[in-house]
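A structural walkthrough
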Amino acid sequence: MWLNIFKKAKEGGLNVIQTYVFWNIHEPVQGQFNFEGDYDLVKYIKTIGENGMYATLRVGPFIEAEWNYGGLPVWLKHVPNITFRSDNEPFMYHMEKFTKMIIKKMMDEKLFASQGGPIILSQIENEYNTVQKAYKEHGTAYVHWAGDMAVGLNTGVPWIMCKQSDAPGSVINTCNGRNCGDTFVGPNSPNKPILWTENWTAQYRAFGDPPSQRTAEDIAFSIARFFSKNGTLANYYMYYGGTNFGRTTSSFITTRYYDEAPLDEYGLQREPKWGHLRNLHDALKLSQKALLWGTPSLQEFSDDTEARVYEGKGNTCTAFLSNNNTLLDATVEFRGVKYYLPPRSISILPDCKIVVYNSRMIVSQHNERRYKDSNIANNLQWTMFKETIPTPDTSPLKFVEPLEHFSTTKDDSDYLWFTTSLKLDATQLNSATGRLVLEITSLGHLLHAFVNGEYIGSGHGTLIRKNFVFKKPISLKPGINYISILGATVGFPDSGSYLEHRVAGVRAITLLGLKTSPLDLSRKGWSHKISLDGEKNNIFTEQGSQKVKWTKADKGAALTWYKANFDAPEGNDPVAIQMETMSKGMVWVNGKSIGRYWPSYLSPLGNPSQGIYHIPRAFLKPKENLIVVLEEMGGKVEGIKIQTVNRDTICSIVREDYPPNAKTWRREMGVVSTKMKNPKPTANLACPENKIITHVEFASYGDPVGECGHLFPGNCTSPNSQKVVEQILQGKAKCAVPLDKNIFDKQGKLCPNNLKTLAVQAHCGHQT
């Protein structure tokens, strides 16, 4: 997918791709390295350069990033006497060794800008100020050591530390956040530029979270504000978030990552966010000469309104007119001309005269994402294999009390079994005060409880509070009873101090309801088993699936594996799988994990945080694709659907006082001019992926209401709106409809004295 993502990023006006380096995928086992296939870092950076873009390499090697263990390999936790991210010899030894290896790889391939390559910046550490005080003097010593070590590698390009106010020496401290134009106090030295490494385009989502949104207008305002105040580089975090495949997320983070970014999880352009920011980038590029060489000045009109001007020799001049009031619009007079400013907006005047862009006025198109059940991929004939519930005899790791989860599994699996036996006589059971209750105290993240092989229930923590108490009534029999608890993690933690000391898993087990007193089983003697049998046998692969006996799927039960085959869906649209009828588990396609699913964990709105999951077409064969599902709690496998994803519903909603599209303008010999006569606002529509407009679903010139996918006529609309728009758009891959009363309202009788809006909704498809 790399080329497609880079292409769309460049078309969106970006010229830099920023990436982390993931230590735990490159060195998953100490001394064993992986830079092949999807992990080919050299190829990734080279591909950026081959597409005419620069790169920022965030080496870390601690990266946070909602990534498992913040990018640190789990084997590092077991190095004797180690303290992560501190003035600690074992940690600094391994960190320096890995950092030097990465830098050597880049230098050997001549990938730094000083060598003619695309890398213009490198980052060491990550947001260390947030934990530095916890390490006291060892934190201060460490951050200076890290900076000096990085600079000493002599890459010939600057090093940065994000959110690090005391970045040492020549290392540049940078800002992360939503409004760095106003919140960043600036670099800690006058010879360092103002850099913004993370402008959060939404908010990453954890299981249990409702959807997170950040409007295109708000992001655009923040970027325009930053560059108006002498900003040098702004990076969108994320511009494309993609998918956390496999078990790569940190604790409780959803498989889908920053889906609300300008490019969504599938790599499709989320409009109007993508287009509105592209227009902003065009306006900034029209202003680049003044921004680079002009002298800045500030003119304040009121408490909320101002002009920030960059002016140089000749006619080099750019102005940013700002209204910081979030509720009220404003009109300002700048150099003898009045300019209207909507609430919390910035207008960009690349020649200090003409407004080519306003952050609040969206002239780019909108779109709506839709999922469609595949016509050919859903003949799923499911078979199943039930996981065996272990007993103490089949669980090899023995200890008096439950073992700590993280240290025991070493992240080889999410799963750790805790099993014990309990002998009760009839007298004890008959004297019980009522139903017996099993109480389990867990430090997280999740558990499934079984008594005598029968599933009795599950419990889990949250991103904020990972520990929880599980209580369920149970039935026991006279004689030997088996209690089996499957503990599960949902990623290792990725933030905070002393990560090496974090713990998880079952801690205390109590049987309530006996007449004598609660029976503490915590130190009764526990047997443990890492992983599931299906995992160990790789039954999610073609070869491994032959190691077990599969039977026809029936009513969904806990800890059940399901298997089926399907053909690749029709067309070229991205592929997804609808999992909302299942509870929790993981999906593999042709042996590749597409990540954890957990639709049974509902947000406060009563909906799954994520119910649909991405299957990259690169994972698929034309025919007979193997899909394997591990279901932990029980679900309706017949409800699983293979779908295609599109953004074929496109819209434009433009008002007649909006500026023309920024691409309408050009700068020649220092003069900003239009590429057409009498430029007007236009409804710009473009179909994705080589499609054309097959039909116009809605058109209204007047006062339409609603949003893309849900547009309606208002109190007045031109009766010929639909006909005019159809004549212009039908059969076109892209086109612009002028917002012109001479086309829609020749007599000028429609809603006189009201500003008119043109709203169009069209559907894209392949030519038949």
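Note that the structure is a prediction, hence the values are computed from the model and not measured. (Residues numbered from 1 in each chain as written. Predicted model: local features only at pLDDT ≥ 70, side-chain atom pairs only at ≥ 80, totals over all residues. Heavy atoms only, no water.)

Using the residue numbers shown here, the UniProt feature "domain: SUEL-type lectin" (unreviewed entry) corresponds to residues 677–765. With 15% helix and 40% strand, the stretch residues 677–765 has end C-alpha atoms that lie 32 Å from each other. (UniProt positions renumbered as here; feature names shortened; annotations may be inferred. Helix = DSSP H or I, 4+ residues; strand = E, 2+ residues; numbered from the N terminus.)

Among the nonpolar cores identified, the biggest contains 87 residues, and I45, L57, L76, I102, M106 and L280 are the most heavily contacted of them. In terms of residue count, the dominant contributor to this core is helix α4 (residues 89–108) (eight residues). I102 has contacts with V21, F35, L41, L57 and V59, leaving out every residue within four places of it along the chain. Counting 52 residues, the second-largest nonpolar core is a separate cluster that includes Y415, A488, W550 and V628. (Core = buried A, V, L, I, M, F, W, Y, C linked by side-chain atoms within 4.5 Å. Buried < 20%, exposed > 50% of the residue type's maximum accessible area, 1.4 Å probe, protein only. Contact = heavy atoms within 4.5 Å.)

Okay, helix α15 (residues 721–729) next. Three- or four-residue spacings in an α-helix give side chains the same orientation, since the helix completes a turn every 3.6 residues. Buried residues of α15: S721, V724, V725 and L729, and no others. Burial along α15 is one-sided: seen end-on, the buried residues are contained in an arc of 115°. Exposed residues lying more than 90 degrees from the buried face of α15 are K723 and Q727. In this fold, the buried residues of α15 make contact with β37 (682–686), β38 (692–702), β41 (734–738), α16 (741–744) and β42 (757–765). G731 sits one or two positions beyond α15 and adopts a positive phi of about 80°. (Arc of directions from axis to C-beta.)

Moving on, we come to unusual backbone geometry. For the bond from Y237 to M238, the omega torsion is 0°, close enough to zero to count as cis. Relative to the helices and strands, M238 resides in the loop between β7 (233–237) and α9 (273–286). A cis geometry characterises the amide bond from E271 onward to P272, with omega recorded as 15°. One non-glycine residue with positive phi stands out, namely C352, at about 65°.

The subject of this paragraph is the packing of helix α8 (residues 216–228) against α9. One way to put it is that α8 packs onto α9 with a least axis distance of 9 Å and a crossing angle of 20°. The orientation of α8 relative to α9 falls into the category roughly parallel. Both α8 and α9 take part in a crossing whose hand is right-handed. Note on element contacts: α9 touches α8 through K273, H276, L277, L280 and L284, opposite A216, E217, I219, A220, I223, A224 and F227. In terms of residue class, the contact of α8 with α9 is built from nine nonpolar, one polar and two charged. (Axes fitted to C-alpha atoms, helices over the stretch in contact; angles between N-to-C directions. Parallel < 35°, antiparallel > 145°, perpendicular 65-115°, else oblique. Left-handed = near helix turned anticlockwise from the far one by under 90°. Nonpolar A, V, L, I, M, F, W, Y, C, P; charged D, E, K, R; others polar.)

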